[in-house]
Amino acid sequence: MSEVVVMKAGAATLSLLALLTLCNGFYLPGLAPTKFCSKEDRMNYKMDCQTKVYVHVNKLDSVVQILPYEYTSFDFCQALENGTDHDPVENLGQVVFGERLRASPYNITYMQNVTDAMLCVKTYERVDDPKMKFLRDRIHEAYMYQWVIDNMPVTWCYTVANSDQPFCTTRFPIGCYVTHSGKPHDACFLSAQLSERDATYVFNHVKIMIAYHKGDATTGEADRLLRAQVQVASCDTYPCTTATKGMKLPSKIDKAKKFQITYSYSVEFIELQGVRWASRWDYILNSLPHTNIQWFSLLNSIVITIFLSAMVAMVLLRSLHRDIMRYNQAESAEDIQEDFGWKLVHGDVFRPPTHIMLLSVSAGTGVQICIMTLISLVFACLGFLSPPNRGALMTTVLVLYVFLGMVSGYVSARLYKTMGGLRWKSNVLTTAFLFPGIVFVIFFFLNLVLWYNHSAAAIPFTTLLALLCLW
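Conventions and cut-offs
Residues numbered from 1 in each chain as written. Predicted model: local features only at pLDDT ≥ 70, side-chain atom pairs only at ≥ 80, totals over all residues. Heavy atoms only, no water. Pairing = 2+ DSSP bridges. Helix = DSSP H or I, 4+ residues; strand = E, 2+ residues; numbered from the N terminus. Phe/Tyr/Trp six-rings, centres within 6.5 Å; stacked < 30°, edge-to-face > 60°. Buried < 20%, exposed > 50% of the residue type's maximum accessible area, 1.4 Å probe, protein only. 1 Å grid on protein atoms, 1.4 Å probe; cavity = no way out; pocket = protein on both sides within 12 Å on 5 of 7 lines; lining within 4 Å. Points joined across faces, edges and corners; volume = space filled by probe spheres on them. Nonpolar A, V, L, I, M, F, W, Y, C, P; charged D, E, K, R; others polar. Contact = heavy atoms within 4.5 Å. Axes fitted to C-alpha atoms, helices over the stretch in contact; angles between N-to-C directions. pLDDT = per-residue confidence, 0-100. Arc of directions from axis to C-beta.

1. Regarding the sheet that holds strand E2 (residues 55-57)
Adjacent strands of a sheet form backbone hydrogen bonds with each other and so pair up, either parallel or antiparallel. Strand order in this open sheet of four strands is E4-E2-E8-E9, and the pairing throughout is antiparallel. Both edges of this open sheet fall to strand E4 (102-103) and strand E9 (152-153), since each of them pairs with a single strand only. Both E2 and E4 contribute to a ladder of two bridges, which runs antiparallel. From the neighbouring strand, His56 faces E4, where its bridge partner is Ala103.

2. Looking at the packing of aromatic side chains
If you walk through the whole model with that rule in mind, you get 21 aromatic pairs. With a centroid separation of 5.9 Å and an interplanar angle of 75°, the aromatic rings of Tyr110 and Tyr212 are classed as edge-to-face. A residue pair is termed long-range when its members are at least 10 positions apart, and Tyr110 in the loop between strand E5 (108-109) and strand E6 (114-124) and Tyr212 in strand E16 (residues 205-213) qualify at 102 residues. Residue Tyr110 is classed as buried on the basis of its relative accessible area, which comes to 1%. By relative accessible area, which is 7% here, Tyr212 ends up buried. Seen in terms of ring centroids, Trp147 and Phe172 are 4.9 Å apart; in terms of plane orientation they differ by 90°. Their pairing is edge-to-face. On the criterion of sequence distance, the pair formed by Trp147 in strand E8 (residues 147-149) and Phe172 in strand E12 (residues 172-173) is long-range, its members being 25 residues apart. Of the two residues examined, Trp147 and Phe172, each falls in the buried class. Taken together, the ring pairs connect Tyr69, Tyr71, Phe74, Phe76, Tyr106, Phe134, Tyr143, Tyr145, Trp147, Phe172, Tyr263 and Tyr265 into an aromatic cluster.

3. As for the layout of surface pockets
The space that makes up the largest pocket amounts to roughly 750 Å³. In this structure, the largest pocket is lined by 27 residues; those nearest its centre are Leu398, Tyr401, Val402, Pro436 and Trp471. At the level of elements, helix H8 (356-382), helix H9 (392-403), helix H10 (405-418), helix H11 (424-452) and helix H12 (461-470) are the ones that each hand at least two residues to the lining of the largest pocket. Partitioned by chemical class, the residues of the lining of the largest pocket number 21 nonpolar, six polar and no charged.

4. Some thoughts on the sheet that holds strand E14 (residues 184-185)
The strand order E14-E13-E15 describes an open sheet built from three strands, whose pairing is antiparallel. Across the chains shown, the open sheet's two edge strands, defined by having one partner strand only, are E14 and strand E15 (199-202). Both strand E13 (residues 175-178) and E14 contribute to a ladder of two bridges, which runs antiparallel. Residue pairing in the sheet places Tyr177 in a bridge with His185 of E14. Its contacts with the sheet place helix H4 (residues 130-140) against E13 and E15, and it is angled at close to 100° to E15.

5. Section: unusual backbone geometry
Cis rather than trans, the peptide bond between Tyr238 and Pro239 has omega equal to 5°. With respect to the element layout, Pro239 can be found in the loop between strand E17 (224-233) and strand E18 (259-271). Its identity as a non-glycine residue notwithstanding, Asp116 has a phi of 50°, on the positive side. Within the fold, Asp116 resides in strand E6. A positive phi is found at Asp150, a non-glycine position, where the angle reads about 55°.

6. A short note on the pairing of E16
Among the nine residues of E16, seven are classified as buried, and the element is accordingly described as predominantly covered. The sheet contact formed by E16 and E17 spans nine bridges and is antiparallel. Counterpart to Met209 in the pairing with E17 is Gln229. Pairing between E16 and E18: eight bridges, direction parallel. Note on E18: the bridge partner recorded for Ile208 is Val267.

7. Regarding empty space enclosed by the protein
Counted by the stated rule, this structure contains two cavities of 30 Å³ or more. Here the largest cavity defines a volume of roughly 100 Å³. Looking at the largest cavity, it is lined by 13 residues, and the ones nearest its centre are Tyr106, Tyr145, Phe203, Val206 and Tyr263. For the lining of the largest cavity, the secondary-structure elements that each account for two or more residues are E16 and E18. In terms of lining, the second largest cavity is formed by Asn204, His205, Cys235, Thr237, Tyr238, Cys240, Thr262 and Ser264. Within the lining of the second largest cavity, the residues separate by chemical class into three nonpolar, five polar and no charged.

8. Comments concerning the environment of Leu285
Position of Leu285 relative to the elements: it lies in helix H5 (residues 282-287). Along the primary structure Leu285 and Phe167 are separated by 118 residues, whereas in three dimensions their C-alpha atoms are 9.8 Å apart.

9. Topic: the confidence of the model for the chain
Put simply, the chain has an average pLDDT of 84, and 85% of its residues get 70 or more. Averaged pLDDT values for the elements of the chain fall to 49 in helix H1 (residues 2-21) and rise to 95 in strand E7 (residues 143-145). Contacts from residues 4-9, a stretch scored under 50 in pLDDT, to residues over four places away or in other chains number zero contacts. Scored below 50 in pLDDT, residues 20-30 makes eight contacts in the model with residues more than four places away or belonging to other chains.

10. Focus: H4
Buried within H4 are the following residues: Met132, Leu135, Arg138 and Ile139. In a view along the axis of H4, the buried residues occupy a sector of 130°, so they form one face of it. Check the buried side of H4 and you find it contacts E6, E7, E13, E15 and E18. Count one or two residues on from H4 and you reach Ala142, which has phi positive near 60°.

The structure is reproduced here in structure tokens:
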């Protein structure tokens, strides 16, 4: 009998393994990788792949100022209207977060290196030109680019003092300046050519280095991009070399000569083996400074907290046990001593509060926010809200908050009725409009300030209407 059971179990196992071999896996939480190949491989092997590498520019922000600006607010080279690339479609979360991805003028063909390609030339006739003044002021305020290639941030890596490991950041500066005393700020320490006193330099040349994983074109396996890094340089002549001086913004301009800034770029493709596409973000996270966790201090704090909590619980239990024994031994109500101190709180437990409406509305909104947070954390832990899914976090939070309004209304109405409330219609309207209305009014007035300053964080009027419709 046992042999028959073993044979059936073995047959079931083999059947399950046979079914597993027929299954196709897919990466559920993140995004599917983009397939890249050269023009030659696409023609020779009839591959379904992408031959253009598009650079998308995001808003420019600063660690000094709080107002971000769009790329189009600066007098940089703009994308062609009839170009192959277009502005990516932004979801609700990206718009609310202030992400403004735009097409760029950089023309990059996969597996084609470029050296000192001219992008455009900007001409200025006077020093007080508003565009030049805007650029100079933003350089002094340490504004930085944010670029995206293949849905991955372009990083700027440099070596910090007292460390051999390079530090990589997802932003890189538009320029730097040297004070009147000769102290360099921002990225002016990168080159000895950027050391003139009381000078403002603009980085008008970038070198884009794109690392890729090489696939086997003969079997139809395309290439995948693993990382994109950039190096910045300031050159007053074209083409840009290490021997040229920095492009310094002038203090005065000769009307006969004018002043020109030539923007250029270089592209280099680097094959990188041993790195999986799913792990291409790791080098950014590993380059960030990490602090050692003090496990002993953490364990010591936990033990002290548990010990003190146990002591308080023991004191309360002994006090309650003594009171219960005293109540049970009393023969009549006259023998029971009058309570004093913290024991008088029992009279307030069953007394209804003075502001029933505000308490019920606050409780309903709190439950709504708590459930929204828990569901968002579950989706984040599963990988659905990973960094490649831009704007997914804010979109999820807004949609969950709207749908969980029914939970907020139920909890608020239930608590309000339990405490003897009679104005149930007012309770429904107050739950729907009190806290969301306060947040929306504050949000609207702050958005007016952003509109006035032409900031990229300002939300368009149509998005405000969409938020109102969701509400």
